[in-house]
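# Observations on the model geometry
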4 protein chains.
Amino acid sequence: MVAKIVLGPNQYGKAECRLLRVTRDTERHVIEDLNVTSQLRGDFEACHTEGDNSHVVATDTQKNTVYAFARDGVGSPEDFLLRLGRHFVGEFAWVTGGRWAAEQYSWDRIADGDHSFVRTARATRTTVVEMDGDEVVVRAGLRDCTVLKSTGSEFHGFPQDRYTTLEGTTDRILATSVTASWRYAGTDLDFDGLYDDIRDLLLSTFSDVHSLALQQTIFAMGRAVLERYDDVVEISLSCPNKHHFLVDLEPFGLDNPGEVFFAADRPYGLIEATVLREEV
Amino acid sequence: MVAKIVLGPNQYGKAECRLLRVTRDTERHVIEDLNVTSQLRGDFEACHTEGDNSHVVATDTQKNTVYAFARDGVGSPEDFLLRLGRHFVGEFAWVTGGRWAAEQYSWDRIADGDHSFVRTARATRTTVVEMDGDEVVVRAGLRDCTVLKSTGSEFHGFPQDRYTTLEGTTDRILATSVTASWRYAGTDLDFDGLYDDIRDLLLSTFSDVHSLALQQTIFAMGRAVLERYDDVVEISLSCPNKHHFLVDLEPFGLDNPGEVFFAADRPYGLIEATVLREEV
Amino acid sequence: MVAKIVLGPNQYGKAECRLLRVTRDTERHVIEDLNVTSQLRGDFEACHTEGDNSHVVATDTQKNTVYAFARDGVGSPEDFLLRLGRHFVGEFAWVTGGRWAAEQYSWDRIADGDHSFVRTARATRTTVVEMDGDEVVVRAGLRDCTVLKSTGSEFHGFPQDRYTTLEGTTDRILATSVTASWRYAGTDLDFDGLYDDIRDLLLSTFSDVHSLALQQTIFAMGRAVLERYDDVVEISLSCPNKHHFLVDLEPFGLDNPGEVFFAADRPYGLIEATVLREEV
Amino acid sequence: MVAKIVLGPNQYGKAECRLLRVTRDTERHVIEDLNVTSQLRGDFEACHTEGDNSHVVATDTQKNTVYAFARDGVGSPEDFLLRLGRHFVGEFAWVTGGRWAAEQYSWDRIADGDHSFVRTARATRTTVVEMDGDEVVVRAGLRDCTVLKSTGSEFHGFPQDRYTTLEGTTDRILATSVTASWRYAGTDLDFDGLYDDIRDLLLSTFSDVHSLALQQTIFAMGRAVLERYDDVVEISLSCPNKHHFLVDLEPFGLDNPGEVFFAADRPYGLIEATVLREEV
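Reference entry: report on the structure contained in this document.

Conventions used here
Residues numbered from 1 in each chain as written. Chains lettered and ligands numbered in written order. Predicted model: local features only at pLDDT ≥ 70, side-chain atom pairs only at ≥ 80, totals over all residues. Heavy atoms only, no water. Core = buried A, V, L, I, M, F, W, Y, C linked by side-chain atoms within 4.5 Å. Buried < 20%, exposed > 50% of the residue type's maximum accessible area, 1.4 Å probe, protein only. Contact = heavy atoms within 4.5 Å. Least-squares fit on C-alpha atoms with pLDDT ≥ 70 in both. Helix = DSSP H or I, 4+ residues; strand = E, 2+ residues; numbered from the N terminus. Expected span 1.5 Å × (residues − 1). Disulfide = S-S within 2.5 Å. Patch = residues over 30% accessible without salt bridge, like charges linked within 9 Å, V, L, I, M, F, W, Y side chains within 5 Å. Areas by Shrake-Rupley, 256 points an atom, 1.4 Å probe, with all protein chains shown as cover. Salt bridge = Lys/Arg side-chain N within 4 Å of Asp/Glu carboxyl O. Lys, Arg positive; Asp, Glu negative; His and termini not counted. Charge placed at Lys NZ, Arg CZ, Asp CG, Glu CD. Buried area = accessible area lost by both parts, 1.4 Å probe. Polar contact = N/O pair within 3.5 Å; in protein donor to acceptor, adjacent residues only side chain to side chain. Nonpolar A, V, L, I, M, F, W, Y, C, P; charged D, E, K, R; others polar. Axes fitted to C-alpha atoms, helices over the stretch in contact; angles between N-to-C directions. Parallel < 35°, antiparallel > 145°, perpendicular 65-115°, else oblique. Left-handed = near helix turned anticlockwise from the far one by under 90°.

The subject of this paragraph is the nonpolar core. If you look at the biggest cluster of nonpolar residues, it comprises 151 residues, and the most contacted ones within it are Trp182, Tyr184 and Leu202 of chain A together with Trp182, Tyr184 and Leu202 of chain C. With residues near it in sequence (within four places) discarded, Tyr184 of chain C still touches Glu78, Val138, Ala140, Leu189, Phe191, Leu194, Tyr195, Ile198, Asp231, Val232 and Val233 of chain C. Formed by 150 residues, the second largest nonpolar core is a distinct cluster that contains Val118 of chain A, Phe206 of chain B together with Phe155 and Phe191 of chain D.

Rendered as structure tokens:
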């Protein structure tokens, strides 16, 4: 094989711009708290091969742009990232696309006050916008959403081989920290409303499904989202099985009818699946 | 100086026993989620100097005791730690005291379900019980409680020296992550009720005080607790000043009337104070 | 569009099996310290859609297999993962592939002792083996390798737009934490020797290159590996630009000729590129 | 009891000033990488009770002072903190003392280069200087120093009670992450030399002692330091017992003669002791 060594896929930018936006049009302030990453793709070969920076929109400039754009308001993280992406792709001929990502953190009002807040979260909201020429992909999601069922979970009927010691159970604790990411069909949607609804649907489906396997639960969660929201074309879930082991209290002369558990750290199960639409 | 080398203060035990207790007396389950540490003090000199373990209640035994005691229910973490401490001090003649600590994590019900939960927290609850012979000290507290005021905070009038560049301000963002720990006057209190009330009082005082300095705010928070709760004899607060810097948008032709902020990581201010009662 | 909702790509297994292997054939012990993840792919549809676990090799079984296989020795993490992968693919008809990953931690001997060690690391070694039918892909890499040049780094000549405030520099600090991952051409290689050599080559190239941009540095690092090692077909690097800002000491009547720096946390640059061979 | 509510012990300042100092007097650069915290004590009552900041040396000023002082060189972290402390106590009449702390990170040269470095650590070095009027206390220490013995450790002879299930062993793995902190007798010492020697002595003692309990090991480590270094008056050690459990391979038809271990996370033993000199 005769081959030369070349630059493959690449992107660069500024990561984790911590942005707090206060809207103080009235005495009742509103805050938006985000962590924004901007990365550009395009023709950056000369920089890699020769150190020629004439195409390199500085990562510092990307950061400045994030903060400057926030002056006009943030809105949904999806809309904010779309604005950023369109700016960079439109402004610089050699920037053909990129990846823009954000996390958003939740705050509640303290005692319904006008300008006092406490951070309270069931989940961190996530968003990724990718552009490649005219193609735009918007994904939304969440992570760090820890859920648990104290009953309504079974696991049995799995294959037995030389290395199998686990016994099946018809009643176990099921706990996981949900990471989910779904792709939207369009770019002109009510992203905030959809996020809230989908997060709640994921939670309620976790709650409602009588689980025979975490795989079954996460597929049901994904399917529920696709069934209800036509604007979602695909959803991926990654869920650790956070094991809670029943403690053997028999040496101490005690029974343990599903009441005392040891919450283990590692290892943990890791169940990952994508649910999508297939044309028929 | 003629001196010999001796053993000074020491303690040992098992740290971070992750305990989930499910109460399933009815279909509506209740869960308690704790992280328990047990450490003993007493006559352990022979172990240190000679490796003689005849006094060393194994850390594994301490862990087993935590889980076995949970079989009878947990209740408030303060009561649970008092039970543990009294057991160890009562059971082993050479154990004269110790330190027992717990963190407790909060869960909400999902859609008011009977056995489905999502972890949701404004704070991690903390408890430390220390025993030394007959003396018992119970402390409660919280950490990871992140609060923010988008106005109602000033800072000016500080001394100017050669190294001062900061300019005073009459309107800044005040944000911190509250760590607080208070000592109770007794061991027979409604610890769960007190915790909820004190946590809420800390939050509302943070919200209500027009701040001239974070020192002033945390002193006011501590004083409010002591004023309202006779059962609290002392409270310590440790609060990072999580700086939010107004971004200079002037280079981009934009003003920034307190709307766009950069949330910094390090360095951060660190303000710590104890508030207590002084007999007069 | 008429569409049905179906299961897409999926995998499951046990993550982060922390394994210490002591080889004690002689008095001079050897230790291997790994964190192993095993995930299977294949026909697991019935589990997702119906909760039928008859194909689900339990994650607990996968964990047991990791420890059981370690009884015969570990060797290079690449070889260990290949053994694991071939076992699962060979043992279960419906397992058509999977992903096996490992981290390995380094220990030095204390004072050249036979069985005493101190953990010391310039980097965490990483490995991923993926199988899909007969296709086997072996990747090796490292992460958490923090490097710094106190001179020999410039950055200028970048485009100026409305949001640009950064000034170019001909002498700055360049610091990053290298994450690299390279793909091997085969499965029968001296993986341990290659890892050590490639890690050292990445470091020395970082050191040797006079940098005009971090992009140029990481491309040079990747190219150096491909040039020297025919067994490497592709390498990806992900490198944060860990900014060190020169502190302005002028307000204090002091100059600062490149001596006193503030090491920032966030935001940080993030530069990512793949270097590969292109047939000509 | 008639009591009023008053301010108790308090301190405030700037935490985690990340400082990189490059000494470039010759082409062979030297770097010093620290994380510095400064906190003042004294008469700050008016600030707490009335929001009167006339005594409050701004935390921003403290940060500036750290960087300005670094212009003259850093040297040992102990000497640097002593300089800082003396400055604040000497400069402001109402500052009667304080607490100054630093962590220092280690870097090796890459291929013995003049200005290229890779972060490599067996431990993070720590220092705390406390001043109270004329009294000055200097402590040095380390943390994150992970050590392991693959044999030479026993644990048996401990008491048996109702909750004891652990069986004694004459050969186990002993692993811990050493946190140590020692107090020096003076302020005019070769702190860098002492640190290196004491760190090495702690490691070699861990290695040399045949352990009957982790308590015995840490007492021996502390005693060795006090025996050899008259300038050390006291040392405290805090050591988690990082359990490595022998995996039961019997279900798989395999023996396990001390070769395959599961490295557990939580819970862990936690052994803490101070060793000091007692006048006789």
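Still more ground to cover, so stick around.
Mapping chain B onto chain D is achieved by rotating through 180° and translating by 0.0 Å along the same axis, at an RMSD of 0.0 Å. In symmetry terms, the pair is related by a two-fold rotation axis.

Moving on, we get to helix 3 (residues 77-91) of chain D. When the terminal C-alpha atoms of helix 3 of chain D are compared, their 21 Å separation across 15 residues agrees well with the 21 Å that a helix rising 1.5 Å per residue should span. Turning to helix 3 of chain D, its buried residues number three or more, namely Pro77, Glu78, Phe80, Leu81, Leu82, Leu84, Gly85, His87 and Phe88 of chain D.

All chains considered together, the criterion is met by zero disulfides over all chains. This cysteine, Cys239 of chain B, is not joined by any disulfide, and Cys145 of chain B carries the nearest cysteine sulfur, 9.3 Å off.

For the rest of this paragraph, the subject is a negative patch on the surface. On the surface, Asp43, Glu45, Glu50 and Asp52 of chain A cluster together into a patch of negative charge. Along the chain, Glu45 of chain A turns up in helix 1 (residues 45-50).

Here we take up the interface of chain B and chain D. Contact with chain B, which involves 76 residues of that partner, is made by 76 residues of chain D. Summed over both sides, the interface of chain B with chain D buries roughly 6,600 Å², with 61% coming from carbon and sulfur. In terms of surface lost to chain D, no three residues of chain B exceed Ile5, His48 and Tyr163 of chain B, which account for 11% of the buried area on that side. In this structure, the salt-bridge partner of Glu16 of chain D is Arg266 of chain B, at a minimum N-O distance of 2.8 Å. Where chain B packs against chain D, one counts 32 residue pairs in polar contact (both at pLDDT 80 or more). Contributing elements (two or more residues each) for the side of chain B that touches chain D: strand 1 (3-23), strand 2 (30-42), helix 1 (45-50), helix 2 (59-70), helix 5 (214-228) and strand 12 (268-279) of chain B. A total of 16 residues in the side of chain B that touches chain D trace back to one element, the largest contributor, which is strand 1 of chain B. Counted by class, the side of chain B that touches chain D contains 35 nonpolar, 26 polar and 15 charged residues.

Turning next to the packing of helix 2 (residues 59-70) of chain A against helix 3 (residues 77-91) of chain A. All names here are of chain A. In the contact formed by helix 2 and helix 3, the axes pass within 11 Å of each other and the chain directions differ by 130°. The angle between helix 2 and helix 3 falls in the class oblique. Helix 3 is crossed by helix 2, and the crossing has right-handed handedness. Across the interface between the two elements, Gln62, Thr65, Val66, Phe69 and Ala70 of helix 2 pack against Phe80, Arg83, Leu84, His87 and Phe88 of helix 3. Grouping the amino acids of the contact of helix 2 with helix 3 by side-chain chemistry returns six nonpolar, three polar and one charged.

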